[in-house]
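# Residue-level structure breakdown
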2 protein chains.
Amino acid sequence: MEPTKIELEIMAAAKQLFLEKGFAATSTTDIARKAGCNQALIHYYYRTKENLFEKIYLAEVNNTLSIISTILDEPIEGLSIEEIIDRLIDTYFLMLRDNPKVPFFLVQELIINSERRESMRQLFILNPLRQEAYEKYKRLVYHLHEMGKITDIDPFNLLISVISLVATTFLSLPLYADLLQRTLAEQETYLSERKQEIKCMLISRLRP
Amino acid sequence: MEPTKIELEIMAAAKQLFLEKGFAATSTTDIARKAGCNQALIHYYYRTKENLFEKIYLAEVNNTLSIISTILDEPIEGLSIEEIIDRLIDTYFLMLRDNPKVPFFLVQELIINSERRESMRQLFILNPLRQEAYEKYKRLVYHLHEMGKITDIDPFNLLISVISLVATTFLSLPLYADLLQRTLAEQETYLSERKQEIKCMLISRLRP
DNA sequence: GTACTGTTTAATAACTCTATTAAATATGCT
DNA sequence: AGCATATTTAATAGAGTTATTAAACAGTAC
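Residues numbered from 1 in each chain as written. Chains lettered and ligands numbered in written order. Predicted model: local features only at pLDDT ≥ 70, side-chain atom pairs only at ≥ 80, totals over all residues. Heavy atoms only, no water.

Now for the domain arrangement of chain A. Residues and elements named next belong to chain A. Split by domain assignment, chain A resolves into domain 1 (1-47) and domain 2 (50-206). Placing the centre of domain 1 and that of domain 2 at their C-alpha centroids yields a distance of 28 Å. Taken together, the contact pairs 13 residues of domain 1 with 14 residues of domain 2. The junction of domain 1 with domain 2 conceals about 1200 Å² of combined surface from both sides, 72% of it contributed by carbon and sulfur atoms. It is Leu19, Phe23 and Tyr46 in domain 1 that bury the most area against domain 2; as a group they hold 49% of the surface buried on that side. Counting the contacts that link domain 1 with domain 2 gives one salt bridge. Salt-bridge contacts for glutamate 60 lead to lysine 15; the nearest nitrogen and oxygen are separated by 3.5 Å. (Domains from an automatic or database assignment. Contact = heavy atoms within 4.5 Å. Buried area = accessible area lost by both parts, 1.4 Å probe. Salt bridge = Lys/Arg side-chain N within 4 Å of Asp/Glu carboxyl O.)

Here you go:
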């Protein structure tokens, strides 16, 4: 059951288009054209557009979760809170630099397609990887608090704040670039300034 | 050139559907059904779906900007920074409580439809209301800094952070509700906890 | 009442989209 | 090679989409 070469092409094309334009605005004809194959082939492999989408969505969820899990595995023993935040945010930014559209994509379809939410719930919330990563994260926060390195804060709320700040940076990047007509160099500056600001904000919030 | 009763119905229906499902997933037939009129009538009034969409989009942009403008007009003389943030964030939350889907809607279509970005640029960036509100906001930040009430911070970066934190709260609300299967009361708690956390974060960041 | 205007609808053209089917290739096996 | 299986394509059904057109309807002016 090895995926064939063209199957990978279809997946890659579909991923690109779904990330870019969303489910509704992407047609199987678009995907076929991008993948360089006949439109019927997509249905041969996946039967429905919905199936293909769910496969891509699940892959993105899992990929994101495992990267986050890796981030949380970084050794932090003996580091100051400034250094810890520095490392975590740097890694998070690196991860999103490669996949800037992923966070938006993940929520977009959930928000838009409320019928899809139940199946997404199973892919995401009930995902063992997610549960594992979240537990790991909570232990980290409690541990840091016990060691007196950070103030008392609800881990869930902190997580939402971090995701908000970092994901929105990448979400806003194309708007920043196009609407304000910024060059690539300026976009880089924007990213690093946002990173700095986010670290600064988190450190002042977390300082005991 | 008074808008007729049914024209208002069409606008209301279109707004609801576009906000809910986005441009691509909403058909003029859907809109007509919701507005209780014939599908051709929509084209009689707006000629194209695109036109109708742009009208709604512009209305939302202007509405948002004027509300923000109002928020920034609140008198703050003599208040502590804690009180100022308290008021601004409270008002911002109130505004979004009535229109929780607006921020997502505004960026969604910009992100998805890159061809539309140029026309949106003209509706948004070059909008005099926006320029006015932004200038007002910058003056506020500089003023507060000069008075020694807040630390030295780039107003643009601060703005992005505030928008990120607040808008994402409402963006995540339906996911929080559905994915974690939370009751209405729990959603209320979530909102007020987020509000508290955001204020806390901003205050610790802004303290001189 | 009739003529004139603006509003609304039914009908439909012209597409596009998803999905299926049957036929055509390609690939591997003996 | 010859056969079986898997892959790929062309053709197309069937539904849904936007947009237009011509006809029906409603309201007003004379």
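From this point, things continue past the structure.
Turning our attention to the protein's contact with DNA strand C. Taken together, 18 residues lie around DNA strand C, and A:Thr28, A:Lys49, B:Asn38, B:Tyr44 and B:Tyr45 are the ones closest in. Side-chain polar atom of B:Tyr44 to a phosphate oxygen of DNA strand C: 3.0 Å apart, as the coordinates give it. Going through the elements one at a time, helix H2 (28-35) and helix H3 (39-46) of chain A together with helix H3 (39-46) of chain B are the ones with two or more residues in the surface near DNA strand C. If one sorts the elements of the surface near DNA strand C by residue count, H3(B) sits on top with four residues. Class assignment of the residues belonging to the surface near DNA strand C gives a composition of seven nonpolar, nine polar and two charged. (Near = heavy atom within 4 Å. Polar contact = N/O pair within 3.5 Å; in protein donor to acceptor, adjacent residues only side chain to side chain. Helix = DSSP H or I, 4+ residues; strand = E, 2+ residues; numbered from the N terminus. Nonpolar A, V, L, I, M, F, W, Y, C, P; charged D, E, K, R; others polar.)

This part covers the packing of aromatic side chains. Residues and elements named next belong to chain A. Inspection of the entire model under this criterion finds 27 aromatic pairs over all chains. Here the aromatic residues Phe18, Phe23, Phe53, Tyr57 and Phe105 are joined through ring pairs into a cluster of three or more. The ring of phenylalanine 23 carries lysine 49 above its face, with NZ or CZ at 4.4 Å from the centroid. (Phe/Tyr/Trp six-rings, centres within 6.5 Å; stacked < 30°, edge-to-face > 60°. Lys NZ or Arg CZ within 6 Å of the ring centre and 35° of its normal.)

As a further point, take the nonpolar core. A:Val166 and B:Val166 are the most contacted members of the largest nonpolar core, which has 68 residues in total. Residue contacts for A:Val166: discarding those within four places in its chain leaves A:Ile89, A:Tyr92, A:Phe93, A:Leu96 and A:Ile198. Among the nonpolar cores identified, the runner-up in size contains 64 residues, and A:Leu106, A:Ile112, B:Ile42 and B:Met120 belong to it. (Core = buried A, V, L, I, M, F, W, Y, C linked by side-chain atoms within 4.5 Å. Buried < 20%, exposed > 50% of the residue type's maximum accessible area, 1.4 Å probe, protein only.)

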